[in-house]
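One letter stands for each residue in the lines below.
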Amino acid sequence: PTTNNQQPTTNKQMQSHDDVKKWVLEKHTSNSHWCCSAKMGNDRATSAVDGNLKVHGTENLYVADASVFPNIPNGNVHSTVLAVASAFAKRLASKRG
């Protein structure tokens with residue numbers, strides 16, 4: 001969780017466990033990155049795109065974002081998306097000549 005940088009101004013605002021719980025629920029948000037919703041793989045029953053990022057059963061439809069990750073990365077999702085997108089862009093450019 002990340003904070004919205006709104007900290008209590010005095011300890012008086014945090015007199016009980018319920019006060020702390022209320023503050024956390026009101027002021028913190030998720031920093032989640034959605035991924036793995038269109039998993040990459042060879043098995044059409046368990047994946048949406050193949051190793052070339054082409055949607056199974058289509059001719060010219062590709063997905064090149066975090067949704068193709070078969071598993072949630074341990075590191076920063078953004079850098080992994082950039083790697084996937086960069087590799088896909090190079091592959092697409094080479095096909096166009």
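Here the residue numbering is sequential within each chain, running from 1 through the sequence in written order. Totals for whole chains, interfaces and linings use every residue, but because this is a predicted model, local features are given only for residues with pLDDT of at least 70 and side-chain atom pairs only at 80 or more, for both listing and counting. Based on all heavy atoms of the structure, the side-chain values leave hydrogens and waters out of the count.

1. Some thoughts on the overall build of the protein
Defined as follows: What counts as a helix is a DSSP run of H or I of at least four residues, what counts as a strand is a run of E of at least two, and both are numbered from the N terminus. Burial status follows relative accessibility: with a 1.4 Å probe on protein chains alone, a residue under 20% of its type maximum counts as buried, one over 50% as exposed, and anything between as partly exposed. Throughout, a residue-residue contact means that at least one pair of heavy atoms, one from each residue, lies within 4.5 Å.
Of regular secondary structure, the protein possesses two helices and two strands. Helices (α) and strands (β) of the protein occur, in sequence order from the N terminus, as β-α-β-α. Relative to its 97 residues, the protein shows a buried fraction of 19%. Excluding contacts between residues fewer than 6 apart, the proportion of contacts in the protein whose partners are at least 24 apart in sequence is 40%.

2. Looking at the nonpolar core
Soluble globular proteins: nonpolar side chains tend toward being buried together. The test is simple: What we call a nonpolar core is a set of buried Ala, Val, Leu, Ile, Met, Phe, Trp, Tyr and Cys residues that are connected through their side-chain atoms within 4.5 Å.
Formed by Cys35, Val49, Leu53, Val55, Val63, Ala66, Val68, Phe69, Val77, Val84 and Phe88, the largest nonpolar core amounts to eleven residues. Sequence-distant contacts of Phe69, that is, excluding residues within four places in its chain, are made with Cys35, Cys36, Lys39, Val77, Thr80, Val81 and Val84.

3. Looking at unusual backbone geometry
With a phi close to 75 degrees, Cys36 is a non-glycine residue in the positive phi region. Looking at the element boundaries, Cys36 is found in the loop between strand 2 (28-29) and helix 2 (77-96). For Cys36, a relative accessible area of 23% translates into the label partly exposed. Of note in the backbone geometry, Leu53 takes a positive phi value of approximately 70 degrees without being a glycine. Relative to the elements of secondary structure, Leu53 occurs in the loop between strand 2 and helix 2. A relative accessible area of 4% places Leu53 in the buried class.

4. A look at helix 2
What counts, and what does not: Under the convention used throughout, the expected extent of a helix is 1.5 Å for every residue step, that is, one less than its residue count. Directions pointing from the helix axis toward each C-beta atom define the arc.
The end-to-end C-alpha separation of helix 2 is 29 Å, in line with the 28 Å expected for 20 residues at 1.5 Å each. Those residues of helix 2 that sit buried are Val77, Val84 and Phe88. Down the axis of helix 2, the smallest arc covering the buried residues is 40 degrees, so these residues share one side. Exposed residues lying more than 90 degrees from the buried face of helix 2 are His78, Lys90 and Ser94.

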